[in-house]
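# Coordinate inspection notes
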Amino acid sequence: MIRFIIEKDNVSVAFDAPTDLLYDRLALVRVGDIPISGTDNASVRFIPWADVKLAEAIAKRFFDDDKISEVNALCEKVKHLRPSDEKAFIERLENDDVHGTSQMIEVANEMGLEVVSEINRYDYVEEDEEPIMEQRM
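Rules used in this analysis
- Residues numbered from 1 in each chain as written.
- Predicted model: local features only at pLDDT ≥ 70, side-chain atom pairs only at ≥ 80, totals over all residues.
- Heavy atoms only, no water.
- Helix = DSSP H or I, 4+ residues; strand = E, 2+ residues; numbered from the N terminus.
- Buried < 20%, exposed > 50% of the residue type's maximum accessible area, 1.4 Å probe, protein only.
- Contact = heavy atoms within 4.5 Å.
- Axes fitted to C-alpha atoms, helices over the stretch in contact; angles between N-to-C directions.
- Parallel < 35°, antiparallel > 145°, perpendicular 65-115°, else oblique.
- Left-handed = near helix turned anticlockwise from the far one by under 90°.
- Nonpolar A, V, L, I, M, F, W, Y, C, P; charged D, E, K, R; others polar.
- Expected span 1.5 Å × (residues − 1).
- Arc of directions from axis to C-beta.
- Phe/Tyr/Trp six-rings, centres within 6.5 Å; stacked < 30°, edge-to-face > 60°.
- Core = buried A, V, L, I, M, F, W, Y, C linked by side-chain atoms within 4.5 Å.

### A few points about the overall build of the protein chain
Assigned secondary structure in the protein chain consists of 5 helices and 5 strands. Residues counted as buried form 36% of the 137 residues belonging to the protein chain. A fraction of 60% describes how many contacts in the protein chain between residues 6 or more apart in sequence connect residues 24 or more apart.

Structure below.
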C-alpha cells in the first residue's frame, strides 16, 4: 500500500507496508522504529501506490512524528477493505479532517471496518455430476 525507502550511512532498504517483517527491514539499515520524517542519521521517503486511492488518501494525512510501525499497523488494518468500506473510510477522513495514524486507526476501529481476505480462485471439476469447487493455490 505504501512503499518506504530508508537510507542510513550509504545503506538503504525499501519495503511495502504492511509487512510482517517490519523490524527485520529496519534492522537492515540499523534503525529502530523511527518517525516517517526520518532522523538526523536516517532519511525516510514514503510513496503511496499510485493506483490505490486509499493509499494516497491516508498518506497525505500523516504527521511527521508518526512512527513507521504505526503506519504499518494502519496499512494492515485497511489493506483489504471492501470497496464500499474503503469509500466510506476515505469520506470519513475527509469530512472529519482526520490526521495522524493514531486518529486514522481510531476511525477504522469506530467504523468496524470489515477486512476481506484475498479472493480465492475456484474452478469446477467437469467430470462430476454436481459441480465441485476446488481451491487452487
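Next, the rest of the story.
### Describing the packing of helix α4 (residues 83-95) against helix α5 (residues 101-111)
In a packed pair of helices, the relevant descriptors are the angle between the two axes and the axis-to-axis distance. Put simply, α4 and α5 touch, their axes get as near as 11 Å, and they point 130 degrees apart. By the angle class used here, α4 and α5 are oblique. Here α4 runs over α5; the crossing is right-handed. Contacts from Ala88, Phe89, Arg92 and Leu93 of α4 reach α5 at Met104, Val107, Ala108, Glu110 and Met111. Taken together, the residues of the contact of α4 with α5 sort by class into 7 nonpolar, no polar and 2 charged.

### Observations regarding α4
Taking 1.5 Å of rise per residue, the 13 residues of α4 would be expected to cover 18 Å, and the 18 Å separating its terminal C-alpha atoms lies within 8% of that figure. All of the buried residues along α4 are Asp85, Phe89, Ile90 and Leu93. Buried residues in α4, looked at end-on, bunch into an arc of 135 degrees, giving them a common side. α4 presents Pro83, Ser84, Lys87 and Asn95 as exposed residues on the side facing more than 90 degrees away from its buried surface. For α4, the elements touching its buried residues are α2 (53-59), α3 (68-78) and α5. Directly after α4, the chain includes Asp97, whose backbone phi takes a positive value near 50 degrees.

### Quick notes on the packing of aromatic side chains
Per the counting criterion, the structure on display carries 3 aromatic pairs. Aromatic pair Phe4 and Phe46: ring centres 6.2 Å apart, planes at 50 degrees, arrangement tilted. Of the two residues, Phe4 sits in strand β1 (residues 2-8) while Phe46 sits in strand β3 (residues 42-48), which places them 42 residues apart along the sequence. Of the residues examined, Phe4 reaches a relative accessible area of 0% and is grouped as buried.

### Observations regarding the nonpolar core
Formed by 36 residues in total, the largest nonpolar core has its most connected members in Ile2, Phe4, Ile6, Ile58, Ile68 and Phe89. Residue assignment for this core shows that the elements contributing at least two residues are β1, β2 (11-17), α1 (22-28), β3, α2, α3, α4 and α5. Excluding residues that lie within four positions of it along the chain, Ile6 makes contacts with Val11, Ser12, Val13, Phe15, Leu26, Val29, Val31, Ile34, Ser43, Val44 and Ile68.

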